[in-house]
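Observations on the model geometry
These are the residues of each chain, in order.
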Amino acid sequence: MSPTTKTAVVTGAARGIGAGVATRLAADGFDVAVIDLDEGSTADTVAAVKAQGRTGLGVGLDVSDPDAVEAGVGRIAEQLGAPAVLVNNAGITRDNLLFKMTVEEWDQVMNVHLRGSFLMSKAVQKFMVDAKWGRIVNLSSTSALGNRGQANYSTAKAGLQGFTRTLAIELGQFGITVNAIAPGFIATAMTEATAQRIGVDFGEFQKAAATRIPVRRVGQPDDIAQAVSFFVDERSSFVNGQILYVTGGPNVCPGKGPCPAPAAGVPLAVPRRRAPDRTAALG
Ligand code: NAP
C-alpha cells in the first residue's frame, strides 16, 4: 500500500541531521515541512528540498509547546497535505555531571526530546490513522546506553526507545510503522559544540573519535538520512518497533575491550587546550 499524500514532516531540520533527512526525503519524492524553532532558519533546508523538485514549507515552532504543535501541524496539513511521515529529530544537549545538573537542564532536555516527540506524534497520528498509512521515525542515540555527563540526555534517548516500541504496538494495526535510529558520532553543530565545550579542536575531536569507530570515520547527516529513507520506504511495512544503531560498527571499542557506547567519552589521544570540564559527552 502507498501513502495517500506525499507529505513528510521533519523537526529540528534547519541544520545537521534534520536538514540531511529533509533533503533525502525530498529526493525520495516527498514534499517536506521543515520545522525548527525559528522559521527564518529553515530557509536553506527549504531551498534544498525545492532543489529536489519538491515543495518545502518552513515552519517555526517549539516542539514542546502543545498549542504551537497543533497549529503548526494544522497549517502543514492545509498547505502541504496530511502528514504521512514524521521524523522526530529536534534535539538539544544540556550536559553536566549529576551533582551539578540543574532542574532546568533536566527539564529542557526532557521537554524537547520526550514531550516534543509525544506532542508531534499525537498531532500527526490522526491523519495517518485516517489514511491507514504512516511512518514515524524517532531519533534516539548511543547515549541511551549510558554516557558520562548526560544523565538527562541519556534518559530521554532511552525513553524514546520505549516510546517507539509502544507506538509501534498501538499504531501498527493502522498501517503505521514506528521505528528509531540511534546514531553514534555524527558531525554536526551538536558535536561541534561538545568539542568546543571541552576545549578541543573539532577536526582533532573527529579524528580521534574515528580511531574508535570500526569504519574509521565519523558519521555524516546523510548516513542517518539513509536509515530514515529505509524505514519510510513503502516496502518496509513489516519493519516496526525497531531500534537501528547507526554507528559505523558494533558497540565495542576496537583494541580496548568493550565500552558502553561507541561514541562515549573524549578519546584519550586528543590534546586538550585546557582542563576538561565536567563532561565528555557527545550527541
Ligand atoms: P543540531 O545540529 O543541534 O540540530 C538540532 C536542531 O533542532 C537545531 O536546528 C535546533 O534549533 C532544533 N531544535 C532544538 N530545540 C527545538 C525545539 N524545541 N523545537 C524545534 N526545533 C528545535 O543536532 P543534530 O546533531 O543534527 O541532532 C539531531 C538529532 O539527532 C537530535 O535529536 C540529537 O539528539 C540526535 N543525535 C545526534 C547525534 C550526533 O552525534 N550529532 C548522535 C546521536 C543522536 P536551534 O538551532 O534554534 O537550537
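Throughout what follows, the structure given in this document is the object of discussion. (Residues numbered from 1 in each chain as written. Predicted model: local features only at pLDDT ≥ 70, side-chain atom pairs only at ≥ 80, totals over all residues. Heavy atoms only, no water.)

Observations concerning the overall build of the protein chain
Spelled out, the test is: Only DSSP runs of H or I covering at least 4 residues are called helices, and only runs of E covering at least 2 are called strands; the numbering of each starts at the N terminus. Residue contacts are defined here by distance: any two heavy atoms, one from each residue, within 4.5 Å place the two residues in contact. In these tables, accessible area is a Shrake-Rupley quantity obtained with a 1.4 Å probe, and a residue counts as shielded only by the protein chains included in the view.
Across its full length, the protein chain holds eight helices and seven strands. Considering only contacts in the protein chain between residues 6 or more positions apart, those separated by 24 or more positions represent 73%. When the accessible surface of the protein chain is totalled, it reaches about 12,000 Å², and 54% of it is carbon and sulfur.

Considering the packing of helix α1 (residues 16-27) against helix α8 (residues 221-232)
What counts, and what does not: Working convention: axes come from line fits to C-alpha atoms, limited for helices to the stretch in contact. Angles between N-to-C directions cover 0 to 180 degrees. Any angle that falls under 35 degrees is termed roughly parallel, while one over 145 is termed roughly antiparallel, one within 65 to 115 roughly perpendicular, and all others oblique. Put simply, a crossing is left-handed when the front helix is turned counterclockwise from the back one by less than a right angle, and right-handed when it is turned clockwise. Three categories are distinguished: nonpolar for Ala, Val, Leu, Ile, Met, Phe, Trp, Tyr, Cys and Pro, charged for Asp, Glu, Lys and Arg, and polar for the others, with Gly belonging to the last.
Following both chains from N to C, one finds α1 and α8 inclined at 50 degrees, their axes separated by 8 Å at the closest point. As far as their axial angle goes, α8 and α1 are oblique. Relative to α8, α1 is oriented so that their crossing is right-handed. Between α1 and α8, the contacting residues are Gly16, Ile17, Gly20, Val21, Arg24 and Leu25 on the first element and Pro221, Asp222, Ile224, Ala225, Gln226, Val228, Ser229 and Val232 on the second. Here the residues of the contact of α1 with α8 sort into eight nonpolar, four polar and two charged.

Overview of the pairing of strand β1 (residues 7-11)
Test applied: Burial classes: relative accessible area under 20% of the type maximum marks a residue as buried, over 50% as exposed, and values in between as partly exposed (1.4 Å probe, protein chains only). Only strands joined by at least two bridges in the DSSP assignment are considered to pair. Convention used here: a crossover is right-handed provided that the path from the first strand, over the helix, to the second strand proceeds clockwise when the strands point away from the viewer.
Of all five residues making up β1, five are buried, and the element is well covered by its neighbours. Alternating positions in β1 separate into two faces, Thr7, Val9 and Thr11 on one and Ala8 and Val10 on the other, with burial throughout. In this structure, β1 lies alongside strand β2 (residues 31-36), joined through five bridges in parallel fashion. The partner of Thr11 across the bridge, within β2, is Ile35. A crossover connection joins β1 to the parallel β2 through α1; in handedness this β-α-β unit is right-handed.

What about the environment of Thr194?
Here Thr194 is to be found in helix α6 (residues 189-197). Note on Thr194: relative accessible area 0%, which makes it buried. Sequence separation between Thr194 and Thr93 is 101 residues; the distance between their C-alpha atoms is 9.0 Å.

A word on the site of the ligand
Here is the rule: The cutoff for a nearby residue is simple: one of its non-hydrogen atoms must lie within 4 Å of the molecule or strand. N or O atoms closer than or at 3.5 Å make up a polar contact, with two conditions inside protein: a donor-capable atom paired with an acceptor-capable one, and, for residues adjacent in sequence, both atoms drawn from side chains.
Around the ligand, a shell composed of 29 residues is seen, among which Arg15, Asp36, Asn89, Tyr153 and Thr188 lie nearest. In this structure, Arg15 approaches the ligand through a side-chain N or O atom, which is 2.7 Å from an oxygen atom. Backbone polar atom of Asn89 to an oxygen atom of the ligand: 2.8 Å apart, as the coordinates give it. Protein contacts shield 91% of the accessible area of the ligand, which totals 900 Å² for the unbound molecule. Elements represented by at least two residues in the shell around the ligand include exactly α1, α4 (103-131), α5 (151-171) and α6. Examining the composition of the shell around the ligand, we find that three residues originate from one element, α6, more than from any other.

Observations concerning the nonpolar core
For clarity, the cut-off: As used in this record, nonpolar core signifies buried Ala, Val, Leu, Ile, Met, Phe, Trp, Tyr and Cys residues forming a set joined through side-chain atoms within 4.5 Å.
Formed by 33 residues in total, the largest nonpolar core has its most connected members in Ile35, Ile76 and Met120. Where this core is concerned, the elements lending two or more residues are β2, β3 (56-60), α3 (66-79), α4, α5 and β6 (176-183). Apart from residues lying up to four places away in sequence, Met120 is in contact with Val9, Thr11, Ile35, Val63, Val69, Val73, Leu86 and Asn88. Counting residues in hydrophobic clusters, the runner-up holds 28 residues, among them Ala13, Ala84, Ala225 and Val232.

Things to note about the packing of aromatic side chains
Spelled out, the test is: In summary, the pairing rule links any two rings of Phe, Tyr or Trp, Trp by its six-membered ring, whose centres are within 6.5 Å, and it sorts them by plane angle into stacked for under 30 degrees, edge-to-face for over 60 and tilted for everything else.
Summed over the entire model, instances satisfying the criterion amount to two aromatic pairs. Ring geometry for Phe230 and Phe231: centres 5.5 Å apart, planes at 50 degrees, overall tilted. We classify Phe231 as buried; its relative accessible area is 2%.

Observations concerning the sheet that holds strand β7 (residues 243-246)
Overall, parallel pairing links the seven strands, which are arranged β3-β2-β1-β4-β5-β6-β7 in an open sheet. Each having just a single partner strand, β3 and β7 make up the two edges of the open sheet. Here the average twist between neighbouring strands, direction ignored, is 20 degrees. The pairing of β2 with β3 spans five bridges and is classified as parallel. Considered in β3, the bridge of Ile35 is made with Val59. Of the strands in this sheet, β2 and β3 touch helix α2 (residues 43-51), which is tilted by about 165 degrees from β3. Along the sheet, α5 contacts β5 (134-139), β6 and β7; its crossing angle with β6, the most-contacted strand, is approximately 160 degrees.

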